[in-house]
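Overview (structure and organization)
Each chain, written out:
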Amino acid sequence: MALGLDPTWREDPLADRNWEFMHHSLQVVSSLLEAGADTGRSDYLARAEFLLSDWVEENPRLGSASIWAWDGHATALRAGVLACASTYLPDRPWLQSALLLHGRTLADPAFYEIHGNHALNQSIGLLEVANVVGRADWAKLASDRIGVLILESVDSQGVTNEQSIAYQQYNLGRYRLAEARLNAMGLPIPASFARLDQMPKFLAHATRPDGKYETIGDTDTMAAVSIPGTWAEFAATKGASGPKPQGTVAIYRAGYLFARSGWGETRAFSDEVFLSLRFGPAPIIHGHADGTAITFFGYGSRLLVDPGKYSYNYDAYRTFVKGRTAHNVVTVDGLTWNSKASTTLVKHRASATMVDAITTTSGYKGVRQQRRVTYSRGLNYVLVEDRASSTIARRFRQLWHLSETANPLVSRTSFRTRNTRGNVLVRQLLPVTSSGIVKGRTKPVQGWISHRHGSRIAAPVVEVVKSGTSVRYITLIVPAAGQPRATISGLKTTTSGYTVVVTIGGKSERVTVSATGAWVVPLN
């Protein structure tokens, strides 16, 4: 798509907010500068200088061509480009003036965004400008801001508050860049930087057995980044290199439970089974309304999926992927999810045979919900007990989002996927009203997933419906390399739990769940 040689700086060829932001960040000019220096091509450097000087001329601090010109994040990234350009384009008065203007702007407390990766990039941009123009006060301000920001943004377990696996990796990379720049400038490293050492451990546990990050929050389908010498290297390389993570279960106070069958010790790494469960604070920054949601992976396939990021445009599909109905949860007809609702991890325990966790939330007005997830570490199935109570009779929908290749076969009480390899059986152990598939619906939006920015694919979601003032689901989830099969016997329910025998591949386990705990006992 041709934009012309002389930008107006009002271009928006894709009708995409992210494209406009990147356009005004001028990061593509860095490639021209580097290519010019590497190849000796003076025309590359001349083009880079034209674009930079043209932007500066046509986008004054007041009265700029676009609202994105002085967006806080675009300004932060552009400051770094301008600082870099001073190496290739020395003694340009217009560039010196632009650097000083960007430094003053980024140092202004009223311009500083305070929270999240935008604030981090503003401080990095200020550092770069300070280094070029010799402003020690700006450098100290940027360093102090970063030191404080880490304490807010990264907890003691190394988890970012941005509620996204992709942004966990992005923030780690940007903080490491800030650390390198502080070192290069001879500035002290704030003590809070020690928290960064824990961040790769989280990324390792959030990496599926296919070597990709689980698409929790604003996360595209993307290969995990190998961080040398850390658990994240092992997970990203599927065990080919790096130190093996300790343990197969990880629980993070920020709102994540991860469990897996192994790290490739007794089966192919990609054949391991992987489970995630979300809880914690209400959505902020890059988080979704996914409290109590689970995802599931096994035998090389995504079995129960999260929708991904889609885009940053304000439209019905962005609202969908961020909202409640795009996740593997129980929804309530006729009620709107409270975006301020949190999800509490009430209780959890891991033993040699199982992982058990109870979460509660009250995001729908007048409705209290509980989800209990019990994962067998021996046979790798999951039992999910959902309870919901309402002051008046409601219709509830238990949602199971599947990949676009799932081709599910659905009956009233169960469904199974029909991938070439790697499938799941989802079976209801208690009576339900109905089950059905929704795929690619537009009003209201349902049955879509996204793998990359700006792209969406119709994908099936199975809805299991129950009605009343108090409903209860007990759902068995079984993965397999081929067609999943399981036998259920001895099901007994109580007011606080249940007992059931699950048999898979000739092996049986008795599962007992009660108010006091959960037990999974092998029977043969």
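Here's a quick rundown of the structure. (Residues numbered from 1 in each chain as written. Predicted model: local features only at pLDDT ≥ 70, side-chain atom pairs only at ≥ 80, totals over all residues. Heavy atoms only, no water.)

**Focus: the pattern of salt bridges**
The full count for this structure, using the stated rule, is 22 salt bridges. Residue Asp271 pairs with Arg421 through a salt bridge whose shortest N-O separation is 2.7 Å. Taken together, the residues Asp271 in the loop between β2 (256-260) and β3 (274-278) and Arg421 in the loop between β12 (414-416) and β13 (423-428) connect sequence positions 150 residues apart. A salt bridge links Asp356 to Arg372, with the nearest nitrogen and oxygen atoms 2.8 Å apart. Within this pair, whereas Asp356 is found in strand β8 (residues 354-361), its partner Arg372 is found in strand β9 (residues 367-376), the two being separated by 16 residues in sequence. (Salt bridge = Lys/Arg side-chain N within 4 Å of Asp/Glu carboxyl O. Helix = DSSP H or I, 4+ residues; strand = E, 2+ residues; numbered from the N terminus.)

**With respect to the nonpolar core**
Of all hydrophobic cores here, the largest spans 63 residues; its most connected members are Ile165, Tyr256 and Phe258. Considering every element that reaches this core, the biggest residue donor is helix α6 (residues 116-133), with eight residues. Once residues lying within four places of it in the same chain are set aside, the contact partners of Ile165 are Phe202, Leu203, Ala206, Tyr213, Glu214, Ile216, Thr219, Tyr256 and Phe258. With 38 residues, the next largest nonpolar core counts Leu303, Tyr364, Val424 and Ile477 among its residues. (Core = buried A, V, L, I, M, F, W, Y, C linked by side-chain atoms within 4.5 Å. Buried < 20%, exposed > 50% of the residue type's maximum accessible area, 1.4 Å probe, protein only. Contact = heavy atoms within 4.5 Å.)

**Examining the sheet that holds strand β5 (residues 301-304)**
Strand order in the open sheet formed by five strands is β1-β2-β3-β4-β5, with antiparallel pairing between adjacent strands. Among the strands making up the open sheet, the edge pair consists of β1 (249-252) and β5. Each adjacent strand pair in this sheet contributes to an overall mean axis angle of 15°, direction not counted. Where β3 meets strand β4 (residues 294-298), four bridges bridge the pair, whose relative direction is antiparallel. Residue pairing for β4: Leu277 is matched across the bridge by Ile294. (Pairing = 2+ DSSP bridges. Axes fitted to C-alpha atoms, helices over the stretch in contact; angles between N-to-C directions.)

**Some thoughts on the sheet that holds strand β23 (residues 517-522)**
Across a sheet, paired strands are connected by hydrogen bonds in the backbone, their directions being either parallel or antiparallel. Pairing is antiparallel in the open sheet, where four strands are placed in the order β20-β21-β22-β23. Strands at the two margins of the open sheet, each flanked by one partner only, are β20 (487-493) and β23. Each strand axis lies, on average, 10° off the axis of its neighbour in the sheet, ignoring direction. Here five bridges tie β20 to strand β21 (residues 498-504), and the two strands are oriented antiparallel to one another. Within β21, the position partnered with Ile488 by the bridge is Val502.

**So, the pairing of β2**
Along any regular strand, the residues point their side chains to alternate faces of the sheet. The buried count for β2 comes to five of five residues, which makes it a mostly enclosed element. Covered by surrounding structure in β2 are Tyr256, Phe258 and Arg260 together with Leu257 and Ala259, the residues of both alternating faces. Here β1 hands over to β2 after three residues, with Gly255 in that stretch at a positive phi of 125°. Where β2 meets β3, five bridges bridge the pair, whose relative direction is antiparallel. Across the sheet, Tyr256 pairs through a bridge with Arg278, a residue of β3.

**Some thoughts on the environment of Thr360**
On the secondary structure map, Thr360 appears in strand β8. Through-space distance from the C-alpha of Thr360 to that of Arg104 is 47 Å; in sequence the pair is 256 residues apart. Once you skip the residues sitting within four places of it in the chain, Thr360 turns out to touch Ser342, Thr343, Thr344, Val346, Arg368, Gln369 and Gln370.

**Some details on the packing of helix α7 (residues 136-153) against helix α8 (residues 165-184)**
Two elements in contact, α7 and α8, have axes separated by 12 Å at closest approach and are oriented at 150°. The orientation of α7 with respect to α8, classified from their angle, is roughly antiparallel. Helix-helix and strand crossings are classified by hand; for α7 and α8 the assignment is left-handed. Where α7 abuts α8, its residues Ser143, Ile146, Leu149, Ile150 and Ser153 lie against Tyr175, Ala178 and Leu182. A per-class count over the contact of α7 with α8 returns six nonpolar, two polar and no charged. (Parallel < 35°, antiparallel > 145°, perpendicular 65-115°, else oblique. Left-handed = near helix turned anticlockwise from the far one by under 90°. Nonpolar A, V, L, I, M, F, W, Y, C, P; charged D, E, K, R; others polar.)

**Brief notes about the layout of surface pockets**
The space that makes up the largest pocket amounts to roughly 830 Å³. Around the largest pocket, the lining comprises 33 residues; the ones closest to its centre are Asn18, His118, Tyr167, His286 and Tyr312. Mapped onto the lining of the largest pocket, the elements with two or more residues apiece are α1 (17-25), α4 (72-88), α6, α8 and α11 (316-322). For the lining of the largest pocket, the element with the highest residue contribution is α8, accounting for five residues. Within the lining of the largest pocket, the residues separate by chemical class into 11 nonpolar, 12 polar and 10 charged. Estimates place the volume of the second largest pocket at around 620 Å³. In terms of lining, the second largest pocket is formed by 29 residues, of which the most central are Gly323, Arg324, Thr325, Trp337 and Tyr364. Contributing elements (two or more residues each) for the lining of the second largest pocket: α11, β6 (330-332), β10 (382-401) and β16 (445-446). (1 Å grid on protein atoms, 1.4 Å probe; cavity = no way out; pocket = protein on both sides within 12 Å on 5 of 7 lines; lining within 4 Å. Points joined across faces, edges and corners; volume = space filled by probe spheres on them.)

**Here we look at unusual backbone geometry**
Look at the link from Lys443 to Pro444: it is a cis peptide, with omega at -15°. By the secondary structure assignment, Pro444 is in the loop between β15 (441-442) and β16. Backbone geometry at Gln163 places phi at a positive 60°, although glycine is not the residue there. With respect to the helices, strands and loops of the structure, Gln163 is situated in the loop between α7 and α8. Look at Gln163 and you get buried, because its relative accessible area is 5%. Residue Tyr310 is not a glycine yet carries a positive backbone phi of 70°. Inspection of the secondary structure puts Tyr310 in the loop between β5 and α11. According to the relative accessible area criterion, Tyr310 is buried, its value standing at 7%.

**Regarding the side chain of Ser450**
Among the structural elements, Ser450 can be located in the loop between β17 (448-449) and β18 (457-458). Ser450 gets classed as buried once you look at its relative accessible area, which sits at 3%. A polar atom in the side chain of Ser450 sits 3.1 Å from the backbone oxygen of Arg452. A polar atom in the side chain of Ser450 sits 2.5 Å from the backbone oxygen of Ser455. Not counting chain neighbours up to four residues away, the residues in contact with Ser450 comprise Thr221, Pro307, Gly308, Tyr310, Ser455 and Arg456. (Polar contact = N/O pair within 3.5 Å; in protein donor to acceptor, adjacent residues only side chain to side chain.)

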